[in-house]
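Each chain, written out:
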Amino acid sequence: MKTLHIGPRHLLSLNDLSRDEAWALIRRAVELKAMVRNGEIYEPLKNKTLAMIFEKSSTRTRVSFETGMTQFGGHALFLSSRDTQLGRGEPVRDTAKVLSRMVDGIMVRNDSQAQLEELAKHSKVPVINALTDMYHPCQLLADMQTWLEVKGDFSGKTAAWVGDGNNVCHSFINAAKLFGFNLRVATPAGYEPDAGIVAAAGDAVSLTTDPKAAVAGADLVVTDTWISMGQDEEKQQRIDDFAGFQVDSDMMALADDEAIFLHCLPAYRGYEVSEDVIDGPQSYVLKAAENRLHAQHSLMEMLMA
Ligand code: CP
Ligand code: NVA
C-alpha cells in the first residue's frame, strides 16, 4: 500500500491560504490580541524555536516575530546573512535540511522568491515568507486584520494602491482575490505589478496610471516607499518617475469620507505620503504595525502549534 507523504505547511505567499482560512486567521488574530492585552499567558509554542533568516534590514518584522515567539513560550533565533554560512554561499537546500533538524519553523526575508521556494522544498518544518522581491504576505495579514478591526467585514469594499507595483502591492493583489474586495492599482508606466499575479486575481483587480481615478470613492488608500530595499541607486530616477503619486490630503479628499490610510512602513514623508496624511486621523499605520505581532501569532499558531 502506498503511504501519503504529508509535508509541512508553509506561507510562501497568500496563495497558500483558502478564503475561509484567511478570514479565520485574521479573526483569530483579533482574539489573540485581546489575550495579549489582557495579560493572559498562552504558550502553544513552548520550547519551540523559530529560525529567522534576514538577508535584508527590518524593524517591525524582526521585533514582531521575536516578541511573538517569546509570548508564545518559545524562542526566536536571529540569523543575519552576514553571520551565517548561507551568506558565504552554502547551498540553500543544505541550510534548509540542517535547520529542519533543529528548529520548528523558519522565517525568511530575502531578495528571491525562487530561493525561498527552494528552501521550503527542502524544509521539514514550516517556512514563512517575511518579504521577498515578489511578496510580503505577513504585512497583508496585519493590514487585513487592521481593516477588519476598524471597519468590520470589508468584503466587497474598494481599496486603492497608489505607488510601486512590487512586493507589497503583489500581496495586496493576492489579498483582494483571497478576501473578496476590489483593488484599483495606480502606478506610473513601467512600474506595473507582475502581469501573471494581476491575471490570477481576475476581476478583483484593475490597473491604471491615474492615481486620482484609483482613489476616487475608495474605502482604503494604501501606498509604500518608492525606493525599496536594494533600489537606492535608482533613487533620483524613481523620485522623478513617481511625481504626482504622493498620497496627500488632496488625494485623500477624493476617497470616501470614511476612508482609512495604510502604509507598511518604513515611510518617507514628503515622498510617497505627506506628513498630514500619515500622521492624520485617517491613518492606521501604527495599528497595522502592531498587528504584525498579532497576525503572525495567529499564523504561527496555525502552522507551528
Ligand atoms: N513593514 C515591514 O516589513 O517593516 P520592516 O521592514 O521594519 O520589517
Ligand atoms: N517595498 C518595501 C517594503 C518594506 C517593508 C521594500 O521591499 O523595501
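Conventions used here
Residues numbered from 1 in each chain as written. Chains lettered and ligands numbered in written order. Predicted model: local features only at pLDDT ≥ 70, side-chain atom pairs only at ≥ 80, totals over all residues. Heavy atoms only, no water. Phe/Tyr/Trp six-rings, centres within 6.5 Å; stacked < 30°, edge-to-face > 60°. Buried < 20%, exposed > 50% of the residue type's maximum accessible area, 1.4 Å probe, protein only. Helix = DSSP H or I, 4+ residues; strand = E, 2+ residues; numbered from the N terminus. Axes fitted to C-alpha atoms, helices over the stretch in contact; angles between N-to-C directions. Parallel < 35°, antiparallel > 145°, perpendicular 65-115°, else oblique. Left-handed = near helix turned anticlockwise from the far one by under 90°. Contact = heavy atoms within 4.5 Å. Nonpolar A, V, L, I, M, F, W, Y, C, P; charged D, E, K, R; others polar. Near = heavy atom within 4 Å. Polar contact = N/O pair within 3.5 Å; in protein donor to acceptor, adjacent residues only side chain to side chain. Areas by Shrake-Rupley, 256 points an atom, 1.4 Å probe, with all protein chains shown as cover. 1 Å grid on protein atoms, 1.4 Å probe; cavity = no way out; pocket = protein on both sides within 12 Å on 5 of 7 lines; lining within 4 Å. Sits in = over half its atoms within 2 Å of the grid points. Pairing = 2+ DSSP bridges. Right-handed = clockwise from strand over helix to strand, strands pointing away. Arc of directions from axis to C-beta.

Trainee: Just give me the short version of the packing of aromatic side chains, but keep the residues and values in it.
Mentor: Two descriptors summarise a pair of aromatic rings, namely the distance from one centre to the other and the angle between the planes of the rings. Following the criterion strictly, the structure yields 14 aromatic pairs and no others. Here the aromatic rings of Trp147 and Phe154 are separated by 4.4 Å at their centres, their planes lie at 5°, and the arrangement is stacked. Both residues of the pair, Trp147 and Phe154, belong to the buried class. Seen from their ring centres, Phe154 and Phe181 are 5.9 Å apart, and the 75° between their planes marks the pair as edge-to-face. Taken as a pair, Phe154 in the loop between helix H5 (137-151) and strand E5 (158-162) and Phe181 in the loop between helix H6 (167-180) and strand E6 (182-186) lie far apart in primary sequence, 27 residues in all. You'll find Phe154 and Phe181 in the same group, each marked buried. Within the aromatic cluster, the residues linked to one another by ring pairs are Trp23, Trp147, Phe154, Trp161, Phe172, Phe179 and Phe181.

Trainee: So what's going on with the packing of helix H3 (residues 92-100) against helix H4 (residues 113-121)? Which residues, and what values?
Mentor: Each pair of packed helices can be summarised by the angle the axes make with each other and by the distance between the axes. Running from N to C, H3 and H4 cross one another at 45°; their axes reach a closest spacing of 8 Å. In terms of axis orientation, H3 runs oblique to H4. For H3 against H4, the interelement crossing comes out right-handed. On H4, the residues that touch Val92, Arg93 and Ala96 of H3 are Gln115, Glu118 and Leu119. Counted by class, the contact of H3 with H4 contains 3 nonpolar, 1 polar and 2 charged residues.

Trainee: Account for the site of ligand 1, naming residues and giving values.
Mentor: Within the structure, ligand 1 sits among Ser58, Thr59, Arg60, Thr61, Arg109, His136, Gln139, Cys264, Leu265 and Arg292. Between ligand 1 and the protein, one listed contact pairs a nitrogen atom with a backbone N or O atom of Leu265 at 2.9 Å. The protein chains hide 95% of the 250 Å² of surface that ligand 1 would expose on its own. At a threshold of 2 Å from the grid points, most atoms of ligand 1 map onto the largest pocket. Broken down by class, the residue content of the shell around ligand 1 amounts to 2 nonpolar, 5 polar and 3 charged.

Trainee: Requested: an account of the pairing of strand E1 (residues 49-54), with residues and values cited.
Mentor: On a regular strand, each side chain points to the face opposite its neighbour's, so the side chains alternate between the two faces of the sheet. Counting buried positions along E1 yields 6 of 6 residues, so the element is predominantly enclosed. Across the two faces of E1 the burial is the same, with Thr49, Ala51 and Ile53 and Leu50, Met52 and Phe54 all buried. Summarising the sheet, E1 and strand E2 (residues 75-80) pair through 6 bridges and their orientation is parallel. Looking at the pairing, Ile53 lines up with Leu79 of E2. On the question of chirality, the crossover connecting E1 to the parallel E2 by way of helix H2 (residues 60-71) is right-handed. Two strands pair when backbone bridges link them, and E1 and strand E3 (residues 105-109) are joined in this way by 5 bridges, in the parallel orientation. Looking at the pairing, Leu50 lines up with Gly105 of E3.

Trainee: Go over the sheet that holds strand E9 (residues 260-263) with me, naming the residues and quoting the values.
Mentor: Strand order in the open sheet formed by 5 strands is E7-E6-E5-E8-E9, and the pairing between neighbours is parallel. Because the sheet does not close on itself, it has two edges, and the strands there are strand E7 (205-208) and E9. Put simply, the sheet's adjacent strands are angled 20° from each other on average, direction ignored. Examined bridge by bridge, E6 and E7 share 4 bridges and lie parallel to one another. Bridged to Arg184 within E7 is Ser206. Here H6 sits on the sheet and contacts E5, E6, E7 and strand E8 (220-223); the angle it forms with E6, its principal contact strand, is near 155°.

Trainee: Could you give an account of the side chain of Ser171, naming the residues involved and the relevant values?
Mentor: As for its position among the elements, Ser171 is in helix H6. Here Ser171 falls in the buried class, since its relative accessible area comes to 0%. Beyond its immediate chain neighbours, meaning those up to four positions away, Ser171 contacts Leu14, Tyr135, His136, Pro137 and Leu140.

Trainee: Go over H4 with me, naming the residues and quoting the values.
Mentor: Listed as buried for H4 are Gln113, Leu116, Leu119 and Ala120. In a view along the axis of H4, the buried residues occupy a sector of 120°, so they form one face of it. Pointing more than 90 degrees away from the buried face of H4 are the exposed residues Ala114 and Lys121.

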